[in-house]
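If you want the building blocks of each chain, they are given just below.
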Amino acid sequence: MTEQNPNLRIPEPVPDPKPDEAPAPDAAATPDPAAQSGEQTFVYAGLPRIPAHFTRGQKLLAFCCPLAGFGVLRYMILHALGLPATLVCWGVLTLGILFLKRTPRIRFTWSHRCMAAVLYLFPLLFCISDNKTMTGLCALYELAGIPFFFYHVASGEAALPRCLPLALYKALLDYPGQNNLMFPAIRQCLQKRKLSRNALYVLGGLLLGLPLTLLVYALLLSVDQNMGVLTDWIRADWYRNLMIYLVQLLLGLPIGMFLYNSLYNNATRRNIRSLRQSDCTRILEGMRVAPGMLLYAIMTPVCFVYAVYIGLQASYLFSGFAGTLPEGFSYASYARSGFFELCFLSVLNFLLIALLFLACRRPGDARPLPLRIYSGILCVITLLLIATSESKMCLYISEMGLTPKRVYTAWFMLFLALVFLMLLLRQFRPQFHLARGVLVTGTLMLGLLAFSLPDAWIAAYNLNAYKAGKLPQLHISDFVDLSDDAYLLYPDYRQQLEDMSPSVYEIHLTRRWEKDAQDPFRQYNYATWRFMKRYQP
């Protein structure tokens, strides 16, 4: 037998928190000494997968999350966005904030309050606008922004993390995919109450007995046709709606589990390793495998080809700034030529800049001068190509008017230009927070475009330009692709539209009214409600 070392200390297992108590931050966790960002990197490791006790807040959250998942599925995914979707977003966000506030170690800073205000503001668009593109983008922003907000609040950092892609991975995929303790929390709550336990047994028995009941009913129906009365009763609207609700509630359970895991894991950090600055540094240093001279040799011919192309095609590229068309082009073909190639080249240049930054072998945070020069050249070339495409689009709009696709294209190119401007700034000011700049810029641009109701001012611009003689023609078909937002301005120009084509105008309005009336969820926004009230046949 070997002699036991008397100085060896075996760590004692950390017990689970008592009911209605949150774990103390220093009870089972130690902060990472290598973390330089100030993040609270507490790791509650070595605990059983299922805790012995859930707090009252965790049990209540387990019952609320399935209802939240049902609301997200029904009112944000399956049906048109409107007032119910606004209430669902506000409810989920409020539920998460109240739960996180009960965690002693979590403190809300001014940046957290600003993020919460933005997340409360964007759902207002659902009950104002009927524009499916804008409300869809805002819905995606909310579905990704709310879990990231929970992660950012629980991290303890005031500023956005510099390693934003890894933080998004943790917030949207890693934390929501671990532990899965929603059903254990519900079971633990019901097991302590005999009535609740019996009700659970009854519900499980009904679900398990449903296939047998359907088999018996089918056999009886084949024997006696009078059982068809029961079929008519089942086909009633209330029964069909009840079945729809139950099916949607079951399909919304994964969304509820996603929400519960996100909140529970962010609040407790149970058996979870949080993202630390040392992890980001280690990953970045592991990717720096290519010699600098090799990368610079790759970039040199690429930049040379760009320079030759710009020199040879200068008259074609810059004619849009002068307001003239190149020979052999129409306005539509000139604006569309090379647009998708531009998008591909912008993405390619962004990847090349990322390759230079990530793969170049260099010590620490050093940025060699050739690295900054080549990255700056790629940024300038991309900005030049974006500017030429924007000038072509402006020339096209001045001659042919506005459409939603033209507006969204111009908006996207402007956003790309701002991103590459920030990349260019980052090459010469390494302390510039690129992730924060891109996120804030994207949020502001999306909010300004969405809440300006683009369909409304597209219709106003086209009508005013036609009235002033700037547009050669205007058809009712130009308004077919616009949402009900555009009809908010129609009373001012109704006589002009009726003069152009009275029959087509009335038929168009009648068809749109019937389309809105068929889907009651479309009526839960101000634009559609006002249109249906004003233009009812």
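Here we summarise the structure given alongside this text.

Structurally, Arg362 is set in the loop between α15 (339–359) and α16 (369–400). Taking relative accessible area as the criterion, Arg362 reaches 8% and is therefore assigned buried. Side-chain polar atoms of Arg362 contact the backbone oxygen of Phe357, separated by 2.7 Å. Not counting residues up to four positions away in its chain, the partners in contact with Arg362 are Arg288, Phe357, Arg367, Pro368 and Leu371.

The N-to-C vectors of helix α4 (residues 132–155) and helix α18 (residues 434–451) enclose an angle of 145°; their axes lie 10 Å apart at closest approach. Note on packing geometry: the crossing formed by α4 with α18 is left-handed. Facing α4, whose interface residues are Met134, Leu137, Cys138 and Tyr141, α18 presents Thr443, Leu446, Leu449 and Ala450. Of the residues assigned to the contact of α4 with α18, the class counts are 7 nonpolar, 1 polar and no charged.

This paragraph deals with the packing of aromatic side chains. Following the criterion strictly, the structure yields 11 aromatic pairs and no others. Summarising the aromatic geometry, the rings of Phe54 and Tyr264 are spaced 6.3 Å apart at their centres and angled 55° between planes, so their arrangement reads as tilted. Taken together, the positions of Phe54 in the segment before α1 (56–78) and Tyr264 in helix α10 (residues 253–268) put the pair 210 residues apart, joining distant regions of the chain. Take Phe54 and Tyr264: they sit in the same class, and that class is buried. Taking the centre distance of 6.0 Å and the plane angle of 55° together, the rings of Phe149 and Phe150 count as tilted. In this structure an aromatic cluster arises from ring pairing among Phe54, Tyr260 and Tyr264.

The next subject is the packing of α1 against helix α2 (residues 83–101). Remark: α1 packs on α2, axes separated minimally by 10 Å, with the N-to-C direction vectors making an angle of 160°. For the element pair α1 / α2, the angle class is roughly antiparallel. Here α1 runs over α2; the crossing is left-handed. Residues Gly57, Gln58, Leu61, Cys64, Ala68, Gly71, Val72, Tyr75 and Met76 of α1 touch α2, and the partners they reach there are Pro84, Ala85, Val88, Cys89, Val92, Leu95 and Phe99. Residue composition of the contact of α1 with α2, by class: 13 nonpolar, 3 polar and no charged.

Calculation criteria
Residues numbered from 1 in each chain as written. Predicted model: local features only at pLDDT ≥ 70, side-chain atom pairs only at ≥ 80, totals over all residues. Heavy atoms only, no water. Helix = DSSP H or I, 4+ residues; strand = E, 2+ residues; numbered from the N terminus. Buried < 20%, exposed > 50% of the residue type's maximum accessible area, 1.4 Å probe, protein only. Polar contact = N/O pair within 3.5 Å; in protein donor to acceptor, adjacent residues only side chain to side chain. Contact = heavy atoms within 4.5 Å. Axes fitted to C-alpha atoms, helices over the stretch in contact; angles between N-to-C directions. Left-handed = near helix turned anticlockwise from the far one by under 90°. Nonpolar A, V, L, I, M, F, W, Y, C, P; charged D, E, K, R; others polar. Phe/Tyr/Trp six-rings, centres within 6.5 Å; stacked < 30°, edge-to-face > 60°. Parallel < 35°, antiparallel > 145°, perpendicular 65-115°, else oblique.

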